[in-house]
Amino acid sequence: MKKLILFFAFFTALQLQAQGNNLSEKKEKIKAFKTAYLTTELQLTEEESKKFWPLYNAYDDKMREIKHERVKRYLDANENNLAELSAKDASDLLAKVEQAEETAHQERKKFVQNLKTFLPALKILQLKKAEESFNRKLLQQVRNRKK
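It should be emphasised that the depicted structure is a prediction, and the values quoted were computed from it without experimental measurement.

### Considerations on the nonpolar core
Considering soluble globular proteins, one finds that nonpolar side chains tend to be buried as a cluster.
Then comes step 1: Formed by 19 residues in total, the largest nonpolar core has its most connected members in Leu38, Phe52, Tyr56, Phe111, Leu115, Leu119 and Leu127.
Then comes step 2: Among the elements of the structure, helix H2 (23-42), helix H3 (46-79), helix H4 (87-116) and helix H5 (121-146) are those that each provide at least two residues to this core.
Then comes step 3: If one sorts the elements of this core by residue count, H5 sits on top with five residues.
Then comes step 4: Dropping the residues within four chain positions of it, Leu127 is found in contact with Leu38, Leu42, Phe52, Tyr56, Phe111 and Leu115.

So, in structure tokens, the structure goes:
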């Protein structure tokens, strides 16, 4: 049954992805697919789910914001050509990148601490594995679509 739900979710996501032209529509569809995937993988109880999803959505939004800032800094630096950056500018950029990575790490630690108040450690580990698996599958779909 679990595999059937997962297959249906992937098939639906592929169909929706093919239909969506708008970037925000695609992001929403991917987010919905991720929610379905994590729900299937984690098998949360109703009580766990009520506590988990608001916390996870806030965490996911924060991580997306941090990632966006990190990518923006990198693109801005590449626009100026990294080879042409002065030593001071390169040092400043590196410090900002390191700070973004540290912020992401701290957010993850805080998120896990909050999860520990109502989820067993096994489900937290399953979440990490499910997120990684989802990201690999999504990347594979993108690669397959380009071919």
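### A few points about the packing of aromatic side chains
Then comes step 1: As enumerated under the stated definition, the model contains eight aromatic pairs in all.
Then comes step 2: Between Phe52 and Trp53, the ring centres sit 4.8 Å apart and the planes meet at 80°, which makes this aromatic pair edge-to-face. The residues Phe52 and Trp53 share a single accessibility class, namely buried.
Then comes step 3: Members of the aromatic cluster, each reached through a chain of ring pairs, are Phe52, Trp53, Tyr56, Tyr59 and Phe111.

### Some points on the pattern of salt bridges
Then comes step 1: Counted under the stated rule, the structure contains 12 salt bridges.
Then comes step 2: Across the salt bridge formed by Asp61 and Lys31, the nearest N and O atoms sit 3.7 Å from each other. Of this pair, Asp61 sits in helix H3 while Lys31 sits in helix H2; the two residues are 30 residues apart in sequence, bridging distant segments of the chain.
Then comes step 3: Residue classification places Lys31 among the partly exposed residues on the basis of a relative accessible area of 26%.
Then comes step 4: Glu131 serves as the salt-bridge partner of Arg108, at 3.1 Å between the closest nitrogen and oxygen. One end of the pair, Arg108, is in helix H4; the other, Glu131, is in helix H5, and 23 residues separate them in sequence. Each member of the pair, Arg108 together with Glu131, is buried.
Then comes step 5: Connected through shared salt-bridge partners, Lys31, Lys34, Asp60, Asp61 and Arg64 make up one network.

### Points about H2
Then comes step 1: Compared with an ideal rise of 1.5 Å per residue, which puts 20 residues at 28 Å, H2 spans 28 Å between its outermost C-alpha atoms and is within 8% of the ideal.
Then comes step 2: Buried within H2 we find Phe33, Lys34, Tyr37, Leu38, Thr40 and Leu42.

### Quick look at the packing of H2 against H5
Then comes step 1: Contact geometry for H2 and H5: axes closest at 10 Å, N-to-C directions at 140°. Put simply, H2 runs oblique to H5. Seen along the crossing, H2 lies across H5 with a hand that is right-handed. Along its contact with H2, which presents Lys26, Ile30, Phe33, Lys34, Tyr37, Leu38, Glu41 and Leu42, the element H5 presents Lys123, Gln126, Leu127, Ala130, Glu131, Ser133, Phe134, Lys137, Leu138, Gln141 and Arg145.
Then comes step 2: Residue composition of the contact of H2 with H5, grouped by class: nine nonpolar, three polar and seven charged.

Scoring rules and cut-offs
- Residues numbered from 1 in each chain as written.
- Predicted model: local features only at pLDDT ≥ 70, side-chain atom pairs only at ≥ 80, totals over all residues.
- Heavy atoms only, no water.
- Core = buried A, V, L, I, M, F, W, Y, C linked by side-chain atoms within 4.5 Å.
- Buried < 20%, exposed > 50% of the residue type's maximum accessible area, 1.4 Å probe, protein only.
- Helix = DSSP H or I, 4+ residues; strand = E, 2+ residues; numbered from the N terminus.
- Contact = heavy atoms within 4.5 Å.
- Phe/Tyr/Trp six-rings, centres within 6.5 Å; stacked < 30°, edge-to-face > 60°.
- Salt bridge = Lys/Arg side-chain N within 4 Å of Asp/Glu carboxyl O.
- Expected span 1.5 Å × (residues − 1).
- Axes fitted to C-alpha atoms, helices over the stretch in contact; angles between N-to-C directions.
- Parallel < 35°, antiparallel > 145°, perpendicular 65-115°, else oblique.
- Left-handed = near helix turned anticlockwise from the far one by under 90°.
- Nonpolar A, V, L, I, M, F, W, Y, C, P; charged D, E, K, R; others polar.

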